[in-house]
Structure formats: C-alpha cells, structure tokens
Amino acid sequence: MRFVHKATLCLACFFCAHAALSYTLFIPEIPPYTSKDSDKEGFITDIVLEIFNRVGMSIDKEYAPWSRAQKEVSHGKAEEQMLIIPLTRTEAREPLYDWIVPIYSYHMNYLTNNPATNLADAASLKQKQICVLQNSPGSRKLAREGYKSIQESISLTHCMRMLTRKRVDVVLSHGEIVDVADYKLDGVPIAGLKSHLLDEGGTLYLASSFGVFSEDKKALLNKAFEAIKADGTYEKILTKYY
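The model shown is predicted, which means the values in this text are computed figures rather than measured ones.

### Remarks on the pattern of salt bridges
Opposite charge on two side chains makes pairing possible when the charged atoms of those side chains draw close. By the definition in use, this model includes 13 salt bridges. The salt bridge involving Lys218 is made with Asp98; its shortest N-O contact spans 3.0 Å. Placement of the pair is Lys218 in helix H7 (residues 215-230) and Asp98 in strand E4 (residues 98-112), with a sequence separation of 120 residues. The residues Lys218 and Asp98 share a single accessibility class, namely buried. By sharing partners, the salt bridges in this structure join Lys141, Arg144, Glu145 and Glu200 into a single network.

Take a look at the structure:
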C-alpha cells in the first residue's frame with residue numbers, strides 16, 4: 001500500500017513538473033502571421049498557442065526583431081527552452097534549428113499601392129525600391145537575382161509603412177495571406193493595394209534550438225496539430241485573418 005502511494009505521488013510530481021515547464025517563444029512582427037496586437041496575435045501564433053494548450057505546455061512570448069530572434073534560438077542551449085515562429089525551412093537554415101511542426105505553406109508575393117507598377121515585369125522591378133524582411137528567403141532571392149535597390153526591414157509592418165509613405169515602391173511579402181485589399185496597417189485598410197503571386201515559396205515552421213524536445217514530445221506536438229486541422233480549428237483560426 002505504501003509502495004502504491006509513493007508511485008502515485010511520483011507520477012503526480014512528474015505531471016506537475018511537466019505542466020510547470022515553460023518555453024520561450026520568440027515572435028517577430030510579421031502580420032497576419034504574428035503580431036503584438038492583443039486582439040489578433042497572428043494566425044501562426046494562435047495555432048502554436050492552441051497546440052501547446054492541448055498538450056498542457058506553457059509558453060512565454062518574447063517579441064523581438066527578426067534577426068535577433070533567429071540568432072537567439074539558433075545559438076540557444078537545450079535547457080534554455082527557446083522556440084521561434086514563423087520560420088521558413090531552407091537549406092541554409094537546416095543545420096541551425098530543430099524543425100518541430102510544419103504549420104503553413106506559402107508563396108512569395110509582390111505588393112504595391114501604385115497602379116502603374118507592373119509587378120509581373122522583373123526587369124521593371126529591378127528599377128524599383130523594394131522592401132523585404134531582413135534575413136529572409138525573400139531578401140536572399142532579391143540579392144541572388146541581382147536586385148540592387150533593396151530596403152531590408154526588421155518587420156513587414158515597417159515595410160508597409162514605407163510603402164504608404166512612398167519611401168519604397170514595392171514590398172516582397174511571404175505568403176498570399178499577407179495581401180490585397182483586406183490588409184490593414186495600424187487598423188486602417190491600405191487603399192488600392194495590388195499583388196502578384198510568385199511560384200517560389202516555402203513552409204513556415206515552429207522551430208527550436210537543438211535538444212529542446214525529445215522525439216516523443218515532437219510527436220505529441222504534431223499529433224495535436226493534426227487534431228487542430230481535423231476538427232476544423234485550423235480553418236476557424238485562419239478565417240480570422242484571411
């Protein structure tokens with residue numbers, strides 16, 4: 001009887017310790033994927049919070065510039081429990097992170113509020129000022145293809161502000177859900193916004209420093225994500241933003 005009591009107590013302590021364990025989630029400002037807006041924290045943020053809620057794990061949100069967030073997590077130790085969203089999985093990034101849950105696949109997208117700008121004409125675009133997220137697949141694409149007039153920004157919101165103030169001509173965004181007439185900047189719709197979707201894209205992940213999750217915990221998180229898609233929660237969250 002005493003043995004059963006001790007075993008039960010040990011099991012209870014295990015679950016208490018598991019519930020108390022908190023992970024630090026680094027989040028950049030890339031609306032509508034991620035945002036500091038308390039009413040709409042972003043599509044990817046909402047999904048990740050739902051995943052962790054379902055498995056009984058807690059998260060501390062850390063809003064940070066994109067380059068700093070990547071540096072912190074890619075250099076983090078397992079015991080620091082650091083995570084990052086929304087990170088595109090690329091060949092260059094493959095050895096820097098542990099890739100946990102694939103959340104959303106996207107295509108890159110040119111945006112402008114100038115009706116005279118031909119977003120499908122690459123030669124013409126090379127003469128334009130283009131804003132893109134710093135240290136992103138989009139910034140590497142522009143550099144690789146010989147674009148010279150590139151403004152790299154710490155957030156997509158900053159790029160959109162530059163567009164509205166005519167400091168840049170075009171924004172290269174990451175995903176068709178970040179587009180067209182419904183895009184709002186500080187709650188105000190951007191008038192006359194048009195877009196051009198590219199073939200190139202990627203998949204946004206929840207990623208972490210190496211060693212943060214065991215294979216069993218990774219499987220648990222992915223199982224919760226699959227359940228979110230299966231029961232309609234994924235689409236319900238998506239429709240808040242798109």
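So that's the structure; there's more coming.
### A few points about H7
A rise of 1.5 Å per residue sets the reference length of H7, with its 16 residues, at 22 Å; its end C-alpha atoms lie 22 Å apart and thus fit the reference within 8%. Looking only at H7, the buried set comprises Lys218, Leu221, Ala224, Phe225 and Ile228. Around the axis of H7, the buried residues are gathered within 125 degrees of arc, so they sit on the same side. Looking at H7, the residues exposed on the side facing more than 90 degrees away from the buried face are Glu215, Asp216, Lys223 and Ala230. Elements that come into contact with the buried residues of H7 comprise helix H2 (43-55), E4 and helix H8 (233-238). Gly232 lies just past H7 and shows a positive phi near 90 degrees.

### A look at the environment of Thr117
Checked against the element boundaries, Thr117 lands in the loop between E4 and helix H4 (122-125). Between the alpha carbons of Thr117 and Val170 there is a distance of 8.5 Å; along the sequence they are 53 residues apart. Setting aside its immediate chain neighbours within four residues, Thr117 contacts Thr112, Leu125, Lys128, Val170 and Lys194.

### What about the sheet that holds strand E7 (residues 170-174)?
The sheet built from eight strands is open, its strands ordered E2-E1-E3-E10-E4-E7-E5-E6 with mixed pairing. Strand pairing shows two members of the sheet lacking a second neighbour, strand E2 (58-63) and strand E6 (150-153), which therefore form its edges. Geometrically, the sheet is characterised by an average inter-axis angle of 25 degrees between neighbouring strands, direction not taken into account. Where E4 lies against strand E10 (residues 194-208), twelve bridges are found, and the strand directions are antiparallel. Residue pairing across strands places Ser105 opposite Thr203, the latter belonging to E10. Contacts from helix H5 (residues 137-144) reach strand E3 (82-88), E4, strand E5 (130-133), E6, E7 and E10 within the one sheet, and its direction differs from that of E4 by about 55 degrees. Its contacts with the sheet place helix H6 (residues 156-164) against E4, E5, E6 and E7, and it is angled at close to 155 degrees to E7.

### Concerning the nonpolar core
As a rule of thumb, nonpolar side chains are buried together in soluble globular proteins. With 67 residues, the main nonpolar core has Phe43, Phe52, Tyr110 and Leu206 as its most contacted residues. Among the elements that take part in this core, E4 stands out by supplying nine residues, more than any other. Not counting residues within four places of it along the chain, the set of residues in contact with Leu206 comprises Leu25, Val48, Phe52, Leu83, Ile84, Ile85, Trp99, Ile100, Val101 and Ile103.

Calculation notes
- Residues numbered from 1 in each chain as written.
- Predicted model: local features only at pLDDT ≥ 70, side-chain atom pairs only at ≥ 80, totals over all residues.
- Heavy atoms only, no water.
- Salt bridge = Lys/Arg side-chain N within 4 Å of Asp/Glu carboxyl O.
- Helix = DSSP H or I, 4+ residues; strand = E, 2+ residues; numbered from the N terminus.
- Buried < 20%, exposed > 50% of the residue type's maximum accessible area, 1.4 Å probe, protein only.
- Expected span 1.5 Å × (residues − 1).
- Arc of directions from axis to C-beta.
- Contact = heavy atoms within 4.5 Å.
- Pairing = 2+ DSSP bridges.
- Axes fitted to C-alpha atoms, helices over the stretch in contact; angles between N-to-C directions.
- Core = buried A, V, L, I, M, F, W, Y, C linked by side-chain atoms within 4.5 Å.

Everything listed here is a matter of coordinates, which is why it stays silent on function.
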